[in-house]
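This is what each chain is made of:
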Amino acid sequence: DIQLRTLFRETEKYADQEIVVHGWVRTNRGSNKFGFIELNDGTFFKSVQVVYEAEFIDNFEEIAKVPVAAALKVKGDFVLTPNAKQPFEIKAKEVVVEADSASDYPLQKKRHSMEFLREIAHLRPRSNTFSAVFRIRSLVSYAIHKFFQENDFVYVHTPIVTGSDCEGAGEMFRITTLDMDNPPRMENDSIDYSQDFFGKETSLTVSGQLEAETFALAFRNVYTFGPTFRAENSNTARHASEFWMIEPEVAFADLSDNMDLAEAMIKYIIQYVLEHAPEEMEFFNKFMDKGLLDRLTALVNAEFARVTYTEAVELLKKSGKKFEYPVEWGIDLQTEHERYLTEEIYKKPVFVTDYPKEIKAFYMRLNDDNKTVAACDLLVPGVGEIIGGSQREERYDVLKARMDELGLDEKDYWWYMDLRRYGGVKHAGYGLGLERIIMYLTGMGNIRDVLPFPRTPKTAEF
Ligand code: 4AD
Ligand code: MG
């Protein structure tokens, strides 16, 4: 048989030929002499129109009653229809019902709300929008691997179960052995960890960075790409409890090298997706965000902006805009500030660098001013932060002093400290949120709609 993706892309080749397709019914309407079925086989988000007539098929009555979601095999003539709304159709000669469907199928041919579709996460991949979204998600993942592999990066699988809190934000999901006969006890006001991972206190990782650093100091160029977990109880359109993160880490690199790498990677991903999913990207341009294609296309040859945190705060203050959360040097930039910077001031992606050390993690390299650290966040229009990165503190004494300030025990990080003792050269890396870049590329407005099975404080149906 022929898959729809092929049919849509190599249409001319099949003109006036007899073909066989398989697919599921999206709509079925007609009269007592002929009918039209929109058939979709999942290989493309668009459907092919099947015309069936009582005169040409011998089970007309049966086919006229076929419900939405039933699976069919269709044999017929492939005909180009350049003057019709559909570019082509199949004139059926034989239609076989391969699987029937119940009549209460919830996905009917109308615009369903995103909220409704989230409640049927097991069926929504069958809709046009989610067909396009998850194909893009697959392509973006592949493009990311391709980019790093072509640049000789080693892919390292950092652990999901870990004993260290990379970001120090206390947003880790703890792992416990569920033993109902011996539930976790409180002893002297603290939890008895004997129920944990073989007696050790462990959690799901919030970032593979610390482990990636160990590999960067062995392989020079490495990256991770895996699931990440955050127990932040924030119900926003950009936060999920389980998301995927890409974290490159490079030895002998500083902050500026780090931003060059991030910029090259983002441009590579954009170009890859524009080239390999032009139809899906047209679809998002039409239905999600007009101007998306122009913006992305222009970006491939544009230079991303770079501004220090201190300059950014000045720009925001001078803007005269009344923010809900007032801008002062020292504040963590909120989504409203990030979006104003990238949407109103720069109108393109912007790296904000050198944040106050108080609002960043312990491992970031202290700048000479002793107040800021060598951090770089990439903000993009429509989404805000998609990348968080930094040059790492490679100086043992400076790192130790910072950890002391934060009350982190050196002993808990002995292996991380060792990296500073044995050839601990300068190095840098960043984390790209996979869902955030997919939102940016598609114009989808909610992280729940770019995750196949979103886990957020309120949605974890499956
Ligand atoms: O800025 P973050 O917290 O940085 C780190 O975890 C570093 N250890 C990365 C590194 O340097 N290797 O997270 C990085 C990115 C964010 O910019 C965002 O895109 C995404 O991960 N992210 C989330 N995405 C969805 N839901 C959440 N709750 C997210 N938290 C972070
Ligand atoms: Mg961040």
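- The name given to the protein chain in an unreviewed UniProt entry is Asparagine--tRNA ligase, with Hominibacterium faecale as the source organism.
- Heading Catalytic activity (unreviewed entry) of the UniProt record for the protein chain holds this comment: "tRNA(Asn) + L-asparagine + ATP = L-asparaginyl-tRNA(Asn) + AMP + diphosphate + H(+)".
- UniProt lists a comment for the protein chain under the heading Sequence similarities (unreviewed entry), and it reads "Belongs to the class-II aminoacyl-tRNA synthetase family."

Quick word on the packing of aromatic side chains
And then number 1: In this structure the tally under the stated criterion is 27 aromatic pairs.
And then number 2: Centre to centre, the rings of W415 and Y416 are 6.1 Å apart; their planes meet at 80 degrees, and the pair counts as edge-to-face.
And then number 3: Residue classification places Y416 among the buried residues on the basis of a relative accessible area of 0%.
And then number 4: By the ring-pair criterion, three or more aromatic residues cluster together here, those being F8, F44, F45, F78, F88, F283, F284 and F287.
And then number 5: Its guanidinium or amino end placed over the ring of Y355, K360 lies 4.2 Å from that ring's centre, counting from NZ or CZ.
And then number 6: Over the ring of Y416 we find R420, and its NZ or CZ is 4.0 Å from the ring centre.

Quick word on the site of ligand 1
And then number 1: Taken together, 25 residues are adjacent to ligand 1, and E167, Q209, E232, E247 and E385 come closest.
And then number 2: One nitrogen or oxygen atom from the side chain of S207 is found 3.0 Å from a nitrogen atom belonging to ligand 1.
And then number 3: Here I387 contributes a backbone N or O atom positioned 3.4 Å from an oxygen atom of ligand 1.
And then number 4: Bound to the protein, ligand 1 loses 94% of the 620 Å² it would expose on its own.
And then number 5: Only β12 (242–251), β16 (384–391) and β17 (427–433) provide two or more residues apiece to the shell around ligand 1.
And then number 6: The greatest single-element share of the shell around ligand 1, amounting to five residues, is contributed by β16.
And then number 7: In terms of residue class, the shell around ligand 1 is made up of nine nonpolar, eight polar and eight charged.

Here's the deal with the nonpolar core
And then number 1: One finds F148, I266 and L432 to be the most contacted residues of the largest nonpolar core, which totals 92 residues.
And then number 2: Looking at which element gives the most residues to this core, the answer is helix α4 (residues 128–150), with eleven residues.
And then number 3: Excluding its chain neighbours within four sequence positions, the residues that come into contact with L432 are I144, W244, M245, I246, M265, I266, I269, I386, I387 and I437.
And then number 4: Listed in part, the 33 residues of the second largest apolar core include A305, V327, L341 and A375.

Side note on the packing of helix α8 (residues 292–299) against helix α13 (residues 434–442)
And then number 1: Between α8 and α13, whose axes approach to 9 Å, the crossing angle comes to 115 degrees. Contacts between α8 and α13 involve L292, L296 and L299 from the first element and Y440, L441 and T442 from the second.
And then number 2: Residue classes in the contact of α8 with α13 are distributed as five nonpolar, one polar and no charged.

Quick notes on the side chain of N446
And then number 1: Among the structural elements, N446 can be located in the segment after α13.
And then number 2: Within the structure, N446 has its side chain in polar contact with the backbone nitrogen of R448 (distance 2.9 Å).

Points about the sheet that holds β12
And then number 1: Taken in spatial order, the eight strands line up as β6-β11-β12-β17-β16-β15-β14-β13 in an open sheet, and their pairing is mixed. In this open sheet, the two edge strands, each paired with only one partner strand, are β6 (154–155) and β13 (305–308).
And then number 2: One ladder, built from six bridges, connects strand β15 (residues 372–380) with β16; its direction is antiparallel. Each bridged residue has a counterpart across the sheet, and for L379 the counterpart in β16 is E385.
And then number 3: On top of the sheet, helix α10 (residues 335–346) reaches β13, β14 (350–356), β15 and β16; it is set at about 65 degrees to β15, its chief contact.

As for the packing of helix α7 (residues 278–287) against α8
And then number 1: Close contact between α7 and α8 brings their axes to 8 Å; oriented N to C, the two are set at 125 degrees. Classified by the interaxial angle, the pair formed by α7 and α8 is oblique. Residues M281, E282, F284 and N285 of α7 pack against L292, L293 and L296 of α8.
And then number 2: A breakdown of the residues in the contact of α7 with α8 according to their chemical character gives five nonpolar, one polar and one charged.

Details of the pattern of salt bridges
And then number 1: Counting across every chain of the model gives 29 salt bridges.
And then number 2: Taking the shortest distance from any N to any O, the salt bridge between K146 and E150 comes out at 2.8 Å. With K146 and E150 both in helix α4 and four residues apart, this pair spans about one turn of that helix.
And then number 3: Salt-bridge contacts for E394 lead to R365; the nearest nitrogen and oxygen are separated by 2.9 Å. In this pair, E394 is assigned in the loop between β16 and α11 (396–406) and R365 in the loop between β14 and β15, connecting sequence segments 29 residues apart.
And then number 4: Judged by relative accessible area, which is 15%, E394 ranks as buried.
And then number 5: Ionic contacts of the salt-bridge type, sharing partners, join the residues D260, E263, K267 and R306 into one network.

Reading the values: rules and limits
Residues numbered from 1 in each chain as written. Chains lettered and ligands numbered in written order. Predicted model: local features only at pLDDT ≥ 70, side-chain atom pairs only at ≥ 80, totals over all residues. Heavy atoms only, no water. UniProt positions renumbered as here; feature names shortened; annotations may be inferred. Phe/Tyr/Trp six-rings, centres within 6.5 Å; stacked < 30°, edge-to-face > 60°. Buried < 20%, exposed > 50% of the residue type's maximum accessible area, 1.4 Å probe, protein only. Lys NZ or Arg CZ within 6 Å of the ring centre and 35° of its normal. Near = heavy atom within 4 Å. Polar contact = N/O pair within 3.5 Å; in protein donor to acceptor, adjacent residues only side chain to side chain. Areas by Shrake-Rupley, 256 points an atom, 1.4 Å probe, with all protein chains shown as cover. Helix = DSSP H or I, 4+ residues; strand = E, 2+ residues; numbered from the N terminus. Nonpolar A, V, L, I, M, F, W, Y, C, P; charged D, E, K, R; others polar. Core = buried A, V, L, I, M, F, W, Y, C linked by side-chain atoms within 4.5 Å. Contact = heavy atoms within 4.5 Å. Axes fitted to C-alpha atoms, helices over the stretch in contact; angles between N-to-C directions. Pairing = 2+ DSSP bridges. Parallel < 35°, antiparallel > 145°, perpendicular 65-115°, else oblique. Salt bridge = Lys/Arg side-chain N within 4 Å of Asp/Glu carboxyl O.

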